Amino acid sequence: MRKTKKVLVTATNYSVLCPEAKQLLESSGCNVIENRLGRPFTFEELKQIVTDIDGVVAGVDTWNEAVFKLAPKLKVIARFGVGVDNIDLDKASEFGIKVCNVPGGNANAVAELTIGLILSVIRNIPGLHQSARQGFWDRFVGMELAGKTIGFLGFGNIARLVAKKLQGFDVEIIAYDKYPNLEKAEALHASFVTCEEVLQKSDVVSMHLPSVPETYHMMSREQFALMKKTAYFINTARGALVDEHALYDALQSGEIAGAAIDVFETEPVTADNPLFQLDNLITTPHTAAETYETYRKVGLITAQSILDVLAGKKAENILV
């Protein structure tokens, strides 16, 4: 491979968290250009750097026709994760750009944070933490998981890992999935029901669907109205699945007891988001996949995918 190959990495902290992946690219003759901003690139910022890029290890920046027109040498985008809703696959194909991802690469990390968010919101752990640090001795009467029903919207890799980790909590598991895998559900003692039944029967509803046009704002006012007033909503999937105005209203009015979310409709989120005014919401900044183990695994897979495509080979997990 020619030394002139340039690989842009828009995922952050690459040198620190993916040193082996960076070494793999550099030892194969690539010049690695890293994101030093600590956040996704804007279109205006990408305009300045994509003109001579051969490959991209992409975070959650937007990759669409406008960007592709400015990147005539771009041959491959390796998504640093599984979700590709930030990449226009049809336009990438038109421009002859290969797109690949890493399905399952961050599944365990996301599943573990999902468990953490569930426990945190039903016991108000963040609020009590802040209270205690300020010298107060507040009380919060929370909910135990034992004996409760946990409902999953989507029952793919991540949801099944969450269900597996919940086995020791003595919960009932129900799920909705457009393409139900009955064998894997049975192994996890999970029952498939309709989407409406998940919302109506669950004490905790956990979102694990992909972000596609048909799932846009799948959780709106009508769906939140179906949930129990004592129920909690968890989202570690994608922000576009949820109408944030409807979520705000459901939380503010007491239509549901609380929510814990890792994702937002617009990211990075800004401090003036109305959801931050609510005490019954806890949140993290799209950090579910942020573990050393995930970075190493996903880093190496995406680096190899870049090298394979640039060398004219077939890479793993090619989408287009």
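Residues numbered from 1 in each chain as written. Predicted model: local features only at pLDDT ≥ 70, side-chain atom pairs only at ≥ 80, totals over all residues. Heavy atoms only, no water.

Visitor: I'd like to hear about the overall build of the chain, residue by residue, with values.
Guide: Within the chain, the regular secondary structure consists of 13 helices and twelve strands. A compact globule built from 320 residues should have a C-alpha radius of gyration of about 20 Å, and the chain, at 21 Å, falls within 12% of that. Expressed as lengths along the three principal axes of its C-alpha atoms, the size of the chain is roughly 60 × 50 × 35 Å. Of all 320 residues assigned to the chain, the portion counted as buried reaches 47%. Partitioning the contacts of the chain with sequence separation of at least 6, the portion at a separation of at least 24 is 61%. Once the 32 positive and 39 negative side-chain charges of the chain are each reduced to a mean point, those two points are 7 Å apart. (Helix = DSSP H or I, 4+ residues; strand = E, 2+ residues; numbered from the N terminus. Rg over C-alpha atoms; globule rule 2.2 N^0.38 Å. Buried < 20%, exposed > 50% of the residue type's maximum accessible area, 1.4 Å probe, protein only. Contact = heavy atoms within 4.5 Å. Lys, Arg positive; Asp, Glu negative; His and termini not counted. Charge placed at Lys NZ, Arg CZ, Asp CG, Glu CD.)

Visitor: Before we move on, could you go through the sheet that holds strand β4 (residues 76-79) and cite the residues and values that matter?
Guide: Sheet architecture is open: five strands sit in the order β2-β1-β3-β4-β5, paired in parallel fashion. Here the strands that pair on one side only, and so sit at the sheet edges, are β2 (30-35) and β5 (98-100). Averaged over all pairs of adjacent strands, the angle between strand axes in this sheet comes to 15 degrees, irrespective of strand direction. Pairing analysis gives six bridges linking strand β1 (residues 5-12) to β2, with the strands arranged parallel. When the bridges of β2 are listed, Thr12 appears paired with Asn35. Strand contacts of helix α2 (residues 19-27): β1 and β2, with the helix running at about 145 degrees to β2, the strand carrying the most contacts. (Pairing = 2+ DSSP bridges. Axes fitted to C-alpha atoms, helices over the stretch in contact; angles between N-to-C directions.)

Visitor: Would you mind going over the domain arrangement of the chain in detail, with residue names and values included?
Guide: When cut into domains, the chain gives domain 1 (5-105 + 291-311) and domain 2 (143-283). Look at where the C-alpha atoms of domain 1 and domain 2 centre, and you get two points 30 Å apart. Summed over both partners, the interface of domain 1 with domain 2 comes to about 370 Å²; 51% of that surface belongs to carbon and sulfur atoms. On the surface where domain 1 and domain 2 come into contact, there are one salt bridge. For the pair domain 1 and domain 2, the interface holds one residue pair in polar contact (both at pLDDT 80 or more). Of the residues contributing to the side of domain 1 that touches domain 2, the split by class is one nonpolar, two polar and two charged. (Domains from an automatic or database assignment. Buried area = accessible area lost by both parts, 1.4 Å probe. Salt bridge = Lys/Arg side-chain N within 4 Å of Asp/Glu carboxyl O. Polar contact = N/O pair within 3.5 Å; in protein donor to acceptor, adjacent residues only side chain to side chain. Nonpolar A, V, L, I, M, F, W, Y, C, P; charged D, E, K, R; others polar.)

Visitor: A description of the pairing of β4 should follow, citing residues and the corresponding values.
Guide: Of the two faces of β4, both are covered, the one formed by Val76 and Ala78 as well as the one formed by Ile77 and Arg79. One ladder, built from four bridges, connects strand β3 (residues 55-58) with β4; its direction is parallel. Its bridge partner lying in β4, Gly55 is registered against Val76. Summarising the sheet, β4 and β5 pair through three bridges and their orientation is parallel. Note on β5: the bridge partner recorded for Ile77 is Val99.

Visitor: So what's going on with the packing of aromatic side chains? Residues and values would help.
Guide: All chains considered together, the criterion is met by six aromatic pairs. Measuring from ring centre to ring centre gives 5.8 Å for Phe68 and Phe95, while their planes differ by 55 degrees; the resulting arrangement is tilted. A residue pair is termed long-range when its members are at least 10 positions apart, and Phe68 in helix α4 (residues 65-68) and Phe95 in the loop between α5 (89-94) and β5 qualify at 27 residues. Ring-pair connections join several aromatic residues into one group, and the members of that group are Phe152, Phe155 and Phe192. (Phe/Tyr/Trp six-rings, centres within 6.5 Å; stacked < 30°, edge-to-face > 60°.)

Visitor: Account for the pairing of strand β11 (residues 258-261), naming residues and giving values.
Guide: Because side chains alternate across β11, one face comprises the buried residues Gly258 and Ala260, and the other comprises Ala259 and Ile261, equally buried. The sheet contact formed by strand β10 (residues 232-235) and β11 spans four bridges and is parallel. Across the sheet, Asn235 pairs through a bridge with Ile261, a residue of β11. Each parallel crossover has a hand, and the one from β10 via helix α12 (residues 244-252) to β11 is right-handed. Direction of pairing for β11 relative to strand β12 (residues 281-283): parallel, over a ladder of three bridges. Paired with Ile261 across the two strands is Thr283, which belongs to β12. (Right-handed = clockwise from strand over helix to strand, strands pointing away.)

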